[in-house]
Amino acid sequence: MIKVLFVCLGNICRSPMAEGLFRSVVEKRGLADRVYVDSAGTHGYHIGAPPDERARQTMAAHGVDIDVLEGRKVNAVDLDQFDYVLAMDRNNLRDLERLGGGPRPHVRLFLEFACSRAEREVPDPYYGGPEGFERVYALLEDAAAGLLADIEGRLNRP
Ligand code: 4NP
C-alpha cells in the first residue's frame, strides 16, 4: 500500500479537496486497494469539522463528494507512516519540517508534481470568493496527474 497525505493549514479547504480529488483519480485508475489517501492540517482549528461549504460545492461541481471528510491535525507519526506528505504551500511545508525535525525527501510541495504550471504553492482560498476554490481545483488537478504517474512508476518497479 502506498500512503499519501495532503496537508494544508486548516484541513477544511485545500487538503480535503486534494484528498477527494486524488481518491477519485486513484479509484478511476483501479488502484483503490493499492493507494491510501488522507489529509490533515498543521493547525487544530477545525478538528472534527466537515470541509468548508465552498470547498464541498466546488468539488461537487466536479463530481467529487467530500462531505463526509473531517478535519484532523497532522502529527509526527504521520511523517513516518506516509510515503508522500504533500504540503499545499511553503508555510505548511515549513511547519511539517519543524514537526519532523528537518527536511525529509518524501515531505514536499504537492505542486512539485504539476507539470504544466510554474506555480509551486496552492493559494489559501479561505478569505476569498468562490473563484479562488476553482483555481485551487485546477492546480490540484494538474498536480494529481503528475502524482499518479509517480506512484504508478513506483508500483510498476520490480
Ligand atoms: P485550508 O484553508 O488551510 O486550505 O483548509 C484555511 C482554513 C481555515 C483557516 C485558514 C485557512 N482558518 O484560519 O481558520
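See the structure above.
Below you will find a few notes about this structure. Small disclaimer: the values here were computed from a predicted structure and weren't measured.

### What about the site of the ligand?
Part 1: Taken together, the residues surrounding the ligand are Cys8, Leu9, Gly10, Asn11, Ile12, Cys13, Arg14, Tyr45, His46, Asp124, Tyr126 and Tyr127.
Part 2: Between the ligand and arginine 14 there is a distance of 2.8 Å, counted from an oxygen atom to a side-chain nitrogen or oxygen.
Part 3: A distance of 3.4 Å is found between an oxygen atom of the ligand and a side-chain nitrogen or oxygen belonging to aspartate 124.
Part 4: If the ligand stood free it would expose 350 Å²; the protein chains cover 93% of that surface.
Part 5: Here the shell around the ligand is built from residues that sort into 7 nonpolar, 3 polar and 2 charged.

### A word on the pattern of salt bridges
Part 1: Summed over all chains, the structure comprises 14 salt bridges.
Part 2: Measuring nitrogen to oxygen at the nearest pair gives 2.9 Å for the salt bridge that ties arginine 14 to aspartate 89. Separated by 75 residues along the polypeptide, arginine 14 in helix H1 (residues 14–28) and aspartate 89 in the loop between strand E3 (84–87) and helix H4 (90–99) bring together distant segments of the chain.
Part 3: The class for aspartate 89 is buried, based on a relative accessible area of 11%.
Part 4: Beyond isolated ion pairs, a larger network of salt bridges with shared partners links Arg14, Asp89 and Asp124.

### Overview of the packing of aromatic side chains
Part 1: Under the criterion given, the structure shown has 5 aromatic pairs.
Part 2: Measuring from centroid to centroid gives 4.9 Å for phenylalanine 6 and phenylalanine 110, while their planes differ by 65°, and the two rings are edge-to-face. Taken together, the positions of phenylalanine 6 in strand E1 (residues 2–8) and phenylalanine 110 in the loop between strand E4 (107–109) and helix H5 (130–156) put the pair 104 residues apart, joining distant regions of the chain.
Part 3: Ring geometry for tyrosine 126 against tyrosine 127: centres 4.8 Å apart, planes inclined by 85°, an arrangement best described as edge-to-face.
Part 4: In this arrangement the basic side chain of lysine 3 is found over the ring face of phenylalanine 82, its NZ or CZ atom lying 4.8 Å from the centre.

Criteria and cut-off values
- Residues numbered from 1 in each chain as written.
- Predicted model: local features only at pLDDT ≥ 70, side-chain atom pairs only at ≥ 80, totals over all residues.
- Heavy atoms only, no water.
- Near = heavy atom within 4 Å.
- Polar contact = N/O pair within 3.5 Å; in protein donor to acceptor, adjacent residues only side chain to side chain.
- Areas by Shrake-Rupley, 256 points an atom, 1.4 Å probe, with all protein chains shown as cover.
- Nonpolar A, V, L, I, M, F, W, Y, C, P; charged D, E, K, R; others polar.
- Salt bridge = Lys/Arg side-chain N within 4 Å of Asp/Glu carboxyl O.
- Helix = DSSP H or I, 4+ residues; strand = E, 2+ residues; numbered from the N terminus.
- Buried < 20%, exposed > 50% of the residue type's maximum accessible area, 1.4 Å probe, protein only.
- Phe/Tyr/Trp six-rings, centres within 6.5 Å; stacked < 30°, edge-to-face > 60°.
- Lys NZ or Arg CZ within 6 Å of the ring centre and 35° of its normal.

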